[in-house]
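Residue strings, one per chain:
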Amino acid sequence: GQQLNQSPQSMFIQEGEDVSMNCTSSSIFNTWLWYKQDPGEGPVLLIALYKAGELTSNGRLTAQFGITRKDSFLNISASIPSDVGIYFCAGQSLMDSNYQLIWGAGTKLIIKP
Amino acid sequence: DTGVSQNPRHKITKRGQNVTFRCDPISEHNRLYWYRQTLGQGPEFLTYFQNEAQLEKSRLLSDRFSAERPKGSFSTLEIQRTEQGDSAMYLCASSADRFQIETQYFGPGTRLLVL
């Protein structure tokens, strides 16, 4: 079946540092989505990518849809305490006509005091 | 419209009881999804509706689970004869069918604890 690998699994960083995480898939995707989830809440959409090579920013967040259509990365610049949470990538495969999303396992971001 | 809403936010029940959760999607969205999420995992797809039609159900959705979206607006997810393994966060998401592009917006979830 289709798989989506998200890394790293967790990150311990200092406030003010830049953060980078990525996802790779075993098949070609036509949509990549990045979500953030706080404890006890539902995932919140951060950035949506619809075109290979697309680079999109949302404040301090930047995400790119890889040229091969099989990967995406998310960067967070100058991290702040409220960036703590779990970041999920999700994608829609061209092979799936039911528009279902395939999810990564998440990257847990922890900011060291 | 303020986004996807779910009720209740928390539910504690005893094993064997039935529970029902409600999801109100974003008003112009015709697709509605139910997911289950356990600690440390990403959301697992359960089922989805396009308008009032339930188009797909995951193997995870046992016979004790049933979902409805009778008028193509809100949806309910019922779990009958709950088991301790049903304890999880149940998430609802909605999306609009635009050019086969899928952007799902999630509600805050209903956290279920089965004692």
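Since this is a predicted model, take the numbers as computed values, not measurements.

Reading the values: the criteria
Residues numbered from 1 in each chain as written. Chains lettered and ligands numbered in written order. Predicted model: local features only at pLDDT ≥ 70, side-chain atom pairs only at ≥ 80, totals over all residues. Heavy atoms only, no water. Helix = DSSP H or I, 4+ residues; strand = E, 2+ residues; numbered from the N terminus. Disulfide = S-S within 2.5 Å. Buried < 20%, exposed > 50% of the residue type's maximum accessible area, 1.4 Å probe, protein only. Core = buried A, V, L, I, M, F, W, Y, C linked by side-chain atoms within 4.5 Å. Polar contact = N/O pair within 3.5 Å; in protein donor to acceptor, adjacent residues only side chain to side chain. Contact = heavy atoms within 4.5 Å. Pairing = 2+ DSSP bridges. Axes fitted to C-alpha atoms, helices over the stretch in contact; angles between N-to-C directions. Phe/Tyr/Trp six-rings, centres within 6.5 Å; stacked < 30°, edge-to-face > 60°.

**Looking at the environment of B:Phe74**
Part 1: Note on placement: B:Phe74 falls in the loop between strand S7 (65-68) and strand S8 (75-79).
Part 2: Measuring from C-alpha to C-alpha, the distance between B:Phe74 and B:Gly3 comes to 13 Å, with 71 residues separating the pair along the chain.

**What to know about the state of the cysteines**
All names here are of chain B.
Part 1: Counted according to the given criterion, the structure contains two disulfides over all chains.
Part 2: For Cys-23, the disulfide goes to Cys-92, at an S-S distance of 1.8 Å. Across the S-S bond linking Cys-23 and Cys-92, the dihedral sits near -65°, which makes this disulfide left-handed. Here Cys-23 is found in strand S3 (residues 19-24), whereas its partner Cys-92 is found in strand S9 (residues 88-95), with 69 residues between them in sequence. One exposure class covers both Cys-23 and Cys-92, and it is buried.

**Quick look at the nonpolar core**
Part 1: Membership of the largest hydrophobic core comes to 22 residues, with the highest contact counts inside it found for A:Trp32, A:Trp34 and A:Leu74.
Part 2: For this core, the secondary structure elements donating two or more residues are strand S2 (10-14), strand S3 (19-25), strand S4 (29-37), strand S5 (44-49), strand S7 (61-65), strand S8 (71-76), strand S9 (85-93) and strand S11 (107-112) of chain A.
Part 3: Counting 19 residues, the second largest nonpolar core, distinct from the first, contains B:Leu32, B:Phe65, B:Ala67 and B:Leu77.

**Describing the side chain of B:Gln37**
Part 1: With respect to the helices and strands, B:Gln37 occurs in strand S4 (residues 31-37).
Part 2: A distance of 2.7 Å separates the side chain of B:Gln37 from the side chain of A:Gln37, its partner in a polar contact.
Part 3: Contact partners of B:Gln37, with chain neighbours within four places excluded, come to A:Gln37, A:Phe88, B:Gly42, B:Pro43, B:Ala88, B:Met89 and B:Leu91.

**What about the sheet that holds strand S1 (residues 4-7) of chain A?**
Residue and element names in this part refer to chain A.
Part 1: Spatial ordering of the open sheet is given by S1-S3-S8-S7-S6, a layout of five strands whose pairing is antiparallel. Two strands in the sheet have a free side with no partner beyond their single neighbour: S1 and strand S6 (55-58). Neighbour-to-neighbour, the strand axes of this sheet turn through a mean angle of 15°, independent of strand direction.
Part 2: Bridging between S7 and S8 involves five bridges; their strand directions are antiparallel. Its bridge partner lying in S8, Thr-62 is registered against Asn-75.

**Some words on the pairing of S9(A)**
All names here are of chain A.
Part 1: Counted residue by residue, S9 has eight buried out of nine residues, so it is predominantly covered.
Part 2: One ladder, built from eight bridges, connects S4 with S9; its direction is antiparallel. Following the sheet pairing, Thr-31 is matched in S9 by Gln-92.
Part 3: Here S9 pairs with S11 via three bridges, running antiparallel. Its bridge partner lying in S11, Gly-85 is registered against Leu-109.

**Focus on the sheet that holds S7(B)**
All names here are of chain B.
Part 1: Reading across from one edge, S1-S3-S8-S7 is the order of the four strands in this open sheet, with antiparallel pairing throughout. Edge strands, defined here as strands with exactly one partner in the open sheet, are strand S1 (5-7) and S7. Averaged over all pairs of adjacent strands, the angle between strand axes in this sheet comes to 15°, irrespective of strand direction.
Part 2: Relative to S8, S7 runs antiparallel, the two sharing four bridges. By the bridge assignment for S8, Ala-67 is matched with Leu-77.

**Describing the packing of aromatic side chains**
Part 1: Applying the stated rule across the entire model yields 13 aromatic pairs over all chains.
Part 2: Aromatic side chains B:Phe65 and B:Tyr90 sit 6.4 Å apart centroid to centroid with 40° between the ring planes, which places their arrangement in the tilted category. Placement of the pair is B:Phe65 in strand S7 and B:Tyr90 in strand S9, with a sequence separation of 25 residues. The same class applies to B:Phe65 and to B:Tyr90, which are both buried.
Part 3: Among the aromatic residues, those joined into a ring-pair cluster are A:Tyr35, A:Phe88, A:Trp103, B:Tyr33, B:Tyr35, B:Phe45, B:Tyr48 and B:Phe106.

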